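Descriptive analysis of the structure
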Number of protein chains: 2
Amino acid sequence: MADPQIMNEAESPRDALEEGRLSGSFVGSVVAAIEAEDFEGARALVAPLHPADIADLFALVPETTRGLLAMAIGDALDAAVIAELDDYVRDDVLAEMSAREVAEVMTRLDTDDAVAIIEDMEADEQREVLDALAPADRADIEAALTFPEESAGRLMQRELVAVPETMSIAEVVAHVRAVTDPATDFWEIFVVDPARRPVGTIRLSWLLTTPPEIAVADIMQREQTLIPVDMDQEEVALQFQKYALISAAVVDGGGRLVGVITVDDVVHIIQQEAGEDVLKLSGAGDGDINEPVFSTYRTRSRWLVTNLATGIISATIIGLFSDSIEALVALAALSPIVASVGGNAGNQTMAVTVRALATNQLTEANTRRTIWREIRVALLNGLTLAALMAMGTTAFFGNAVLGGVIAFAMLFNIVIAGLAGVMVPLTLERFDADPAVASSVFVTMITDSMGFFLFLGLATLVGVEYLG
Amino acid sequence: MADPQIMNEAESPRDALEEGRLSGSFVGSVVAAIEAEDFEGARALVAPLHPADIADLFALVPETTRGLLAMAIGDALDAAVIAELDDYVRDDVLAEMSAREVAEVMTRLDTDDAVAIIEDMEADEQREVLDALAPADRADIEAALTFPEESAGRLMQRELVAVPETMSIAEVVAHVRAVTDPATDFWEIFVVDPARRPVGTIRLSWLLTTPPEIAVADIMQREQTLIPVDMDQEEVALQFQKYALISAAVVDGGGRLVGVITVDDVVHIIQQEAGEDVLKLSGAGDGDINEPVFSTYRTRSRWLVTNLATGIISATIIGLFSDSIEALVALAALSPIVASVGGNAGNQTMAVTVRALATNQLTEANTRRTIWREIRVALLNGLTLAALMAMGTTAFFGNAVLGGVIAFAMLFNIVIAGLAGVMVPLTLERFDADPAVASSVFVTMITDSMGFFLFLGLATLVGVEYLG
């Protein structure tokens, strides 16, 4: 169910682009044309663009212009463009279309793109669109929707070429000519046994370079990476990356071939999963700049409130030492430095650990070695920072005891930060929680509270009368 | 210069893997075999693995075991494995090999993989290896090394199939049979004019489904994404992702075809570039867990020292208000909360902005709208947190004036944090600096110092006598 016209896409005209992005002046002229109700002019500007650039354009124009833009460009807003739209922008655009029109668009897409569009809809809208589809397309999409979100089953397309191993190369070529829609791009042919279990693959280049009378069984690659239909998309992406796959067979619980995932679908996942870490660590949700303000507020405020709660721990610790602070206000001024440098050190270790876990580089085989590595790095950093802080404080306050106290607190807090930065994500991973999501809160809580506790506690222990 | 044996890789045996990673017990048995000097046994365990898994194994065993492991597995440590090794681990392994042996490995790799190995070597080692290469291979690699690091010229391979547009499909098929090394995988054929400028592409599936007498010019796709040889790899990755490319032609300044980049090379770049942000934002350098401790220390301590310096700004601001703190120690306890929540809010906005810039979603066309969006999110968050803080402080200290002061400080600091989180990365980008590298320092500096200044300043202005 792919549209032949999707196949031959023009690159966008060079004057609309600037370093690979639509230029501000181009977007400006489209908006100006629409505001002047010159829909012909807007269409003339937009129609030559590549669908991926038209999709970008919808994100770049103001929300209030999106409906008019859709109307103005008419059938240039085709299935290929809709498949490329940002999720939130697509909601805006689809809201203007009837269920029948949406179904029409979906008929022109591969299963995976059609599923991506329908899976985010409300249940009743989904029903309406499904009812408007032809039975065969509906069955494919309903089958895909039975798999968990973000699983291989949602990502795969059902359009593929599979042949029995008894065929000769000549027969395979004839079969490909007979059955494939010229618009469906494919890069590998799957060889299956009578029960439709994959037994090998043939790359298209081998079909071209092998004499026609040779049997498929003699040239196929027998070993291949099979993707279980319920595998998480992040794991799928790692498999593609590790084994440099172009496409891979997806199999059901019985080991039967049910679909194919191609690398161009996975490239999006890799980008998204790798970029997600930085957003999750900061508690910024999915961080889409097209998300409505209120939904962004809901996600972010949850983390800020959590941060407020953990901040109270620090405040309580500071409160414990109020007598010391009253006697020597310099303690209040210096303590945030100890907490902040510790927080930064913990953050560094945590970012490295989260990335190493996400890319399968940190496994039980090298956990102990990695922890020991982080301790050594933390000791070196701690000694450096402690020395600097001791010198600075001693010089500024003219008191070496105060310098010694802050240096000790700094050293210990950086070592604790290093340990927390590696242990917190590891522990979350061990309990099957996403280490990127909650690590930051715990690590900052530990480094902040330990920073204040170590410095103010040591100062009190030594006695403020020696520090002033 | 690719080795036929690289083509048909076995998937690694299932008992060595656990959720796609080498299991701890498998790595343990390899290490045990090597320590018991049972090199035969170690080889028997390792040889059936996929090259990508052998490369992982080298990273997972202790550094001191790597040399023995290389010796034990002998020729299972082939070019495909070396191409997959982590940079730091590869240094360890190559250090044990002679220049001639390294040259031998490089002969078996595509240009891009060979370049990736040689580009990190010291100049004299590089010279030795180049001298040991056959003249044709040396010329290819030397040509690639003339391009800037992380550019398309380093990433491309020179092995490709190019045909004139006057050929018929039958002639192209005959040409492909005659010239291509069966081990070189290719997915598209490039059509060039007599000056070798690309004029179109043909996907292999079209060769199969088109009648043999048709001319290339009639079925080729005329528009294609051309990659200039000096384009930065991050930009290359974005082009592949945006236009869902499988391979793309690389052209020199005169527009002539000089190489091809395939998606499997780009997948690594996408992973790496997208994951880099989180590491850069935290000041953790390239964050490779295989990097030696001292080199990690050097990178990280630089940021911690910068953080120390900016921390002194906060300390100075707190020092300005020492009279107020002396009069009311609660101010010292509460001020870190204002700074910390502001820092967190700034961090959220910054992470979103850095990702949006990295993925070309934030351009001059929507800058103003995005800033206005962040201000609204910050106002909502600020009002929520201010209300919570006002209630908590008033209840705990039984003083509504103190509650009001901290609420105002909180609200303003979160709005400033939102502005800093979006403006700092945008400004760095405007000055062609990498927004991921330095944003964190500036944003934290602003939110910390403004947090202390706003809260302590407001408290002093209102007068501590009303707050106690």
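How each quantity is defined
- Residues numbered from 1 in each chain as written.
- Chains lettered and ligands numbered in written order.
- Predicted model: local features only at pLDDT ≥ 70, side-chain atom pairs only at ≥ 80, totals over all residues.
- Heavy atoms only, no water.
- Contact = heavy atoms within 4.5 Å.
- Buried area = accessible area lost by both parts, 1.4 Å probe.
- Salt bridge = Lys/Arg side-chain N within 4 Å of Asp/Glu carboxyl O.
- Polar contact = N/O pair within 3.5 Å; in protein donor to acceptor, adjacent residues only side chain to side chain.
- Helix = DSSP H or I, 4+ residues; strand = E, 2+ residues; numbered from the N terminus.
- Nonpolar A, V, L, I, M, F, W, Y, C, P; charged D, E, K, R; others polar.
- Buried < 20%, exposed > 50% of the residue type's maximum accessible area, 1.4 Å probe, protein only.
- Right-handed = clockwise from strand over helix to strand, strands pointing away.
- Pairing = 2+ DSSP bridges.
- Least-squares fit on C-alpha atoms with pLDDT ≥ 70 in both.
- Axes fitted to C-alpha atoms, helices over the stretch in contact; angles between N-to-C directions.
- Parallel < 35°, antiparallel > 145°, perpendicular 65-115°, else oblique.
- Left-handed = near helix turned anticlockwise from the far one by under 90°.
- Domains from an automatic or database assignment.
- Core = buried A, V, L, I, M, F, W, Y, C linked by side-chain atoms within 4.5 Å.
- Lys, Arg positive; Asp, Glu negative; His and termini not counted.
- UniProt positions renumbered as here; feature names shortened; annotations may be inferred.

What to know about the interface of chain A and chain B
- Residue-level contacts link 134 residues of chain A with 135 residues of chain B.
- Between chain A and chain B lies a buried interface of about 11,700 Å² when both sides are counted; carbon and sulfur atoms form 62% of it.
- At the junction of chain A with chain B, the criterion picks out eight salt bridges.
- A salt bridge links Asp56 of chain A to Lys242 of chain B; the shortest N-O distance between them is 3.5 Å.
- Linking chain A with chain B are 41 residue pairs in polar contact (both at pLDDT 80 or more).
- In terms of residues, the side of chain A that touches chain B owes the most to one element, helix α18 (residues 293-320) of chain A, which gives 16 residues.
- When the residues that make up the side of chain A that touches chain B are grouped by side-chain class, the tally is 62 nonpolar, 41 polar and 31 charged.

Notes on the pairing of strand β7 (residues 247-251) of chain A
Residue and element names in this part refer to chain A.
- For β7, a buried count of five out of five residues is recorded, marking the element as mostly surrounded by other parts of the structure.
- Burial of β7 is two-sided: the residues Ser247, Ala249 and Val251 facing one way and the residues Ala248 and Val250 facing the other way are all buried.
- Note on the crossover from strand β6 (residues 226-228) through helix α16 (residues 233-242) to β7: the handedness is right-handed.
- Sheet topology note: the β7/strand β8 (residues 257-262) ladder contains five bridges and is antiparallel. Considered in β8, the bridge of Ser247 is made with Thr262.

Details of the relation of the copies chain A and chain B
- It takes a turn of 180 degrees to lay chain A on chain B, together with a shift of 0.0 Å along the axis; the resulting RMSD is 0.1 Å. The transformation just described matches what one would write down for a two-fold rotation axis. Nearest to the rotation axis, the C-alpha of Val278 of chain A is located 2.3 Å from it, this being the minimum over chain A.
- A shared binding surface is used by both copies, with 100% of the interface residues of chain A retained as interface residues in chain B.

Looking at the sheet that holds strand β8 (residues 257-262) of chain B
Residue and element names in this part refer to chain B.
- On the basis of which strands lie adjacent, the open sheet formed by three strands has the order β6-β7-β8 and mixed pairing. Only two strands of the sheet have a single neighbouring strand rather than two, namely β6 (227-228) and β8.
- The strands touched by helix α16 (residues 233-242) are β6, β7 (247-251) and β8; relative to β8, the strand with the most contacts, the crossing angle is about 65 degrees.

Some points on the packing of helix α20 (residues 330-358) of chain A against helix α23 (residues 435-462) of chain A
All names here are of chain A.
- Interaxial distance between α20 and α23 falls to 8 Å at its minimum, and their mutual angle equals 150 degrees. Compared by their axis directions, α20 and α23 come out roughly antiparallel. The two elements α20 and α23 meet at a crossing, and its hand is right-handed.
- In the contact of α20 with α23, the residues fall into 15 nonpolar, nine polar and one charged.

A word on the domain arrangement of chain A
- According to the domain assignment, chain A contains domain 1 (4-149), domain 2 (162-280) and domain 3 (293-466).
- Between the C-alpha centres of domain 1 of chain A and domain 3 of chain A there is a distance of 47 Å.

Some words on the nonpolar core
- Residues Phe58 and Ile261 of chain A together with Phe58 and Ile261 of chain B are the most contacted members of the largest nonpolar core, which totals 144 residues.
- Apart from residues lying up to four places away in sequence, Phe58 of chain B is in contact with Arg66, Leu69, Ala70, Ile73, Leu77, Leu85, Val89 and Val93 of chain B.
- By size, the runner-up hydrophobic cluster in this structure holds 81 residues, among which are Val329, Val341 and Ile406 of chain A together with Val405 of chain B.

As for the side chain of Glu291 of chain A
- Note on placement: Glu291 of chain A falls in the loop between α17 (263-281) and α18.
- Buried and unpaired, Glu291 of chain A has Arg373 of chain B as its nearest opposite-charge partner, separated by 4.4 Å.
- A polar atom in the side chain of Glu291 of chain A sits 2.5 Å from the side chain of Ser295 of chain A.
- Side-chain polar atoms of Glu291 of chain A contact the side chain of Thr296 of chain A, separated by 3.3 Å.

With respect to the pattern of salt bridges
- Overall, the coordinates contain 36 salt bridges over all chains when judged by the stated rule.
- The partner of Arg203 of chain A in a salt bridge is Glu188 of chain A, and the shortest N-O contact between them spans 3.6 Å. Taken together, the residues Arg203 of chain A in strand β5 (residues 198-203) and Glu188 of chain A in strand β4 (residues 188-192) connect sequence positions 15 residues apart.
- Overall, Arg203 of chain A belongs to the buried group, its relative accessible area being 13%.
- Overlapping salt bridges bring together Asp53 and Asp56 of chain A together with Lys242 of chain B as one network.

Quick notes on the UniProt feature "transmembrane region" (unreviewed entry) in chain A
Residues and elements named next belong to chain A.
- Per the UniProt record, "transmembrane region" (unreviewed entry) is annotated on residues 303-321, 327-345, 377-398, 404-428 and 440-464.
- In the segment residues 377-398, helix accounts for 95% and strand for 0%; the C-alpha atoms at its two ends are 31 Å apart.
- Helix makes up 92% of residues 440-464 and strand 0%. Its end C-alpha atoms lie 34 Å apart.

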